[in-house]
Amino acid sequence: MGEFRLRSLVENKKGYDIAYENLIYITLNFIFFALLLYFVYRSTGSVLIYEQTYAKEISLLVDNSKEPMLIMIDFKKGDSIADENKVPLEKRVVVDEKSGKIVVNLAGKGGYSFDYFVNYPVKISYKDDGEVLKINIGEAINSGELDSTELGSEIGGIK
Amino acid sequence: MNMLINMFNDKKAGERLMVFWWIFVIAVISGGIITAVLIFYSADYEVRNVEAELLYSKVSDCFVKNEEVQTSLFSDEADIIGLCNLNKNQFLKGSKFYFRVSLYDNKGNLVNEKKEGDFSFEKDCQIVLNGVDAKHYPRCALRKEKIFIEDKENGIKQEKQKYLLEILAASNQKGERITALG
């Protein structure tokens, strides 16, 4: 019965037009909402947010530190974004000790800059292929014997 | 594309109007969602309060060591920025930071005062600390602490005197997006 109705609808010129119009209408709606969802998804995972977050977190950690100190933070998300944008390791987090600035650049387009007010020497290095960010405050600490996950949870690991 | 145009042309006047209505509804929905998402995700993370507290903490740790106020830091020659391990460039004119350390005696008279950074924050902080929420004004941390200082006369320690140490710290740093590394 259902098959008969469908066939008659398709064979009938008017029925065919109605079905065709509805199909186009549904398809256009679907495309529109898919594009909208894609835009929202892109916005939530935006590079701009991560650059700002990392710059502020690193600056506040430096301001809150005492010399000498080694801080390790989880940088997995930053690392994956920078890898996608082909930003070299040494340009991802740049510290200007003289002016007290931290610049986080994950998109290769300049980045986000945030100042810190303490006057400690700050050195940035990486561990685990860039997934862990090491911030050396004051005199460099040899962290070879220390486990990054232990340090991460104890001295300011950001998960 | 021609089929779509023909479909539109084949319609009666009322049905054509519905197409425009549909486009209008779609535009309003998408405009609303896009605007909301852009506003939400372009907002800055507010950390000025935390920074003001951190600056207060640094200055306080510098002026009070082992529960004793470092009175030497109040002398005119004392380079507080250097002695407190602060970055000189961050406390120049037009700075984003400010702090003031005031020492009052037990009668409330100002004995000594030291301040660094953008002095205009002093008045702004009075407004903000009175509960006015001004978006572009700095965020401030103000603490008062009762302390005792051993006065010395001719090098001989006298009875401890009661003082009040007031520290005000402020930050108005919002961060900036840069287009290229310099």
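Residues numbered from 1 in each chain as written. Chains lettered and ligands numbered in written order. Predicted model: local features only at pLDDT ≥ 70, side-chain atom pairs only at ≥ 80, totals over all residues. Heavy atoms only, no water.

Asks: Help me get a handle on the overall build of chain B, residues and values and all.
Replies: Regarding its fold elements, chain B presents 5 helices and 7 strands. The order of α-helices and β-strands along chain B, N terminus first, is α-α-α-β-β-α-β-β-α-β-β-β. Within chain B, residue pairs in contact and separated by at least 24 positions form 55% of the contacts whose partners lie at least 6 positions apart. As presented, chain B carries roughly 11800 Å² of accessible surface, and 54% of it is formed by carbon and sulfur atoms. (Helix = DSSP H or I, 4+ residues; strand = E, 2+ residues; numbered from the N terminus. Contact = heavy atoms within 4.5 Å. Areas by Shrake-Rupley, 256 points an atom, 1.4 Å probe, with all protein chains shown as cover.)

Asks: Residue-level account of the sheet that holds strand S1 (residues 69-74) of chain A, with values.
Replies: Residue and element names in this part refer to chain A. The strand order across the open sheet formed by 3 strands is S1-S6-S5, and the pairing between neighbours is antiparallel. If you trace the sheet from one side to the other, it starts and ends with S1 and strand S5 (122-127), each paired once. Averaged over all neighbouring strand pairs, the angle between strand axes comes to 25°, with direction disregarded. Relative to strand S6 (residues 132-137), S1 runs antiparallel, the two sharing 6 bridges. In the strand pairing of S6, Ile71 is matched with Ile135. (Pairing = 2+ DSSP bridges. Axes fitted to C-alpha atoms, helices over the stretch in contact; angles between N-to-C directions.)

Asks: Pulling in residues and values, what's your account of the packing of aromatic side chains?
Replies: Under the definition given, this model contains 12 aromatic pairs over all chains. Measuring from ring centre to ring centre gives 4.6 Å for Tyr54 of chain A and Phe75 of chain A, while their planes differ by 55°; the resulting arrangement is tilted. Of this pair, Tyr54 of chain A sits in helix H3 (residues 47-63) while Phe75 of chain A sits in the loop between S1 and helix H4 (76-84); the two residues are 21 residues apart in sequence, bridging distant segments of the chain. Neither residue differs from the other here; Tyr54 of chain A and Phe75 of chain A are each classed as buried. Seen from their ring centres, Phe40 of chain B and Tyr41 of chain B are 4.9 Å apart, and the 85° between their planes marks the pair as edge-to-face. Positioned over the ring face of Phe119 of chain B is Lys115 of chain B, at 5.6 Å from the centre of the ring. (Phe/Tyr/Trp six-rings, centres within 6.5 Å; stacked < 30°, edge-to-face > 60°. Buried < 20%, exposed > 50% of the residue type's maximum accessible area, 1.4 Å probe, protein only. Lys NZ or Arg CZ within 6 Å of the ring centre and 35° of its normal.)

Asks: Outline the pattern of salt bridges, supporting the account with residue identities and numerical values.
Replies: Scanning the entire structure with this criterion turns up 16 salt bridges over all chains. For Arg177 of chain B, the salt bridge identified is with Glu51 of chain A, shortest N-O distance 2.8 Å. Linking Arg177 of chain B in strand S7 (residues 176-177) with Glu51 of chain A in helix H3, this pair reaches from one chain into another. On the accessibility criterion, Arg177 of chain B (38% relative accessible area) is partly exposed. Here Lys66 of chain A makes a salt bridge to Asp61 of chain B, at a shortest N to O gap of 3.9 Å. Of this pair, Lys66 of chain A sits in the loop between H3 and S1 while Asp61 of chain B sits in helix H3 (residues 48-63), which puts the two residues in different chains. Here the salt bridges share partners, and the residues they tie into one network are Arg100, Glu113, Lys115, Glu122, Lys144 and Glu166 of chain B. (Salt bridge = Lys/Arg side-chain N within 4 Å of Asp/Glu carboxyl O.)

Asks: If you had to explain the confidence of the model for chain B to someone new, which residues and values would you point to?
Replies: On average, residues of chain B score 87 in pLDDT, and 85% of them reach the 70 mark or higher. Looking over chain B, one finds the lowest element-wise mean pLDDT in helix H1 (residues 2-9) of chain B, namely 66, and the highest in H3 of chain B, namely 96. (pLDDT = per-residue confidence, 0-100.)

Asks: Summarise the side chain of Asn105 of chain A; cite the residues concerned and give the values.
Replies: Turning to its location among the elements, Asn105 of chain A is positioned in the loop between strand S3 (101-104) and strand S4 (112-115). A polar contact is formed between the side chain of Asn105 of chain A and the backbone nitrogen of Lys109 of chain A, at a distance of 3.3 Å. (Polar contact = N/O pair within 3.5 Å; in protein donor to acceptor, adjacent residues only side chain to side chain.)

Asks: For the interface of chain B and chain A, give the residues involved together with the corresponding values.
Replies: Many descriptions give the size of an interface as the accessible area lost when the pieces come together. Chain B puts 39 residues into the contact, and the matching count from chain A is 44 residues. Interface area, chain B with chain A, both sides summed: about 3800 Å², of which 62% is carbon and sulfur. Linking chain B to chain A there are 4 salt bridges. Lys101 of chain A is paired through a salt bridge with Glu176 of chain B; the nearest N and O atoms lie 3.7 Å apart. Between chain B and chain A we count 22 residue pairs in polar contact (both at pLDDT 80 or more) in total. Of all elements in the fold, only H1, helix H2 (13-42), H3 and S7 of chain B reach the threshold of two or more residues within the side of chain B that touches chain A. In terms of residues, the side of chain B that touches chain A owes the most to one element, H2 of chain B, which gives 8 residues. Looking at the side of chain B that touches chain A residue by residue, the class counts come to 22 nonpolar, 8 polar and 9 charged. (Buried area = accessible area lost by both parts, 1.4 Å probe. Nonpolar A, V, L, I, M, F, W, Y, C, P; charged D, E, K, R; others polar.)

Asks: Lay out a nonpolar patch on the surface in plain terms, naming residues and giving numbers.
Replies: Residues and elements named next belong to chain A. There is a patch of nonpolar side chains on the surface, built from Leu28, Phe30, Ile31 and Leu35 and spanning about 420 Å² of accessible area. With respect to the helices, strands and loops of the structure, Phe30 is situated in helix H2 (residues 13-44). Taking the relative accessible area as the measure of exposure, Phe30 reaches 62% and is therefore exposed. (Patch = residues over 30% accessible without salt bridge, like charges linked within 9 Å, V, L, I, M, F, W, Y side chains within 5 Å.)

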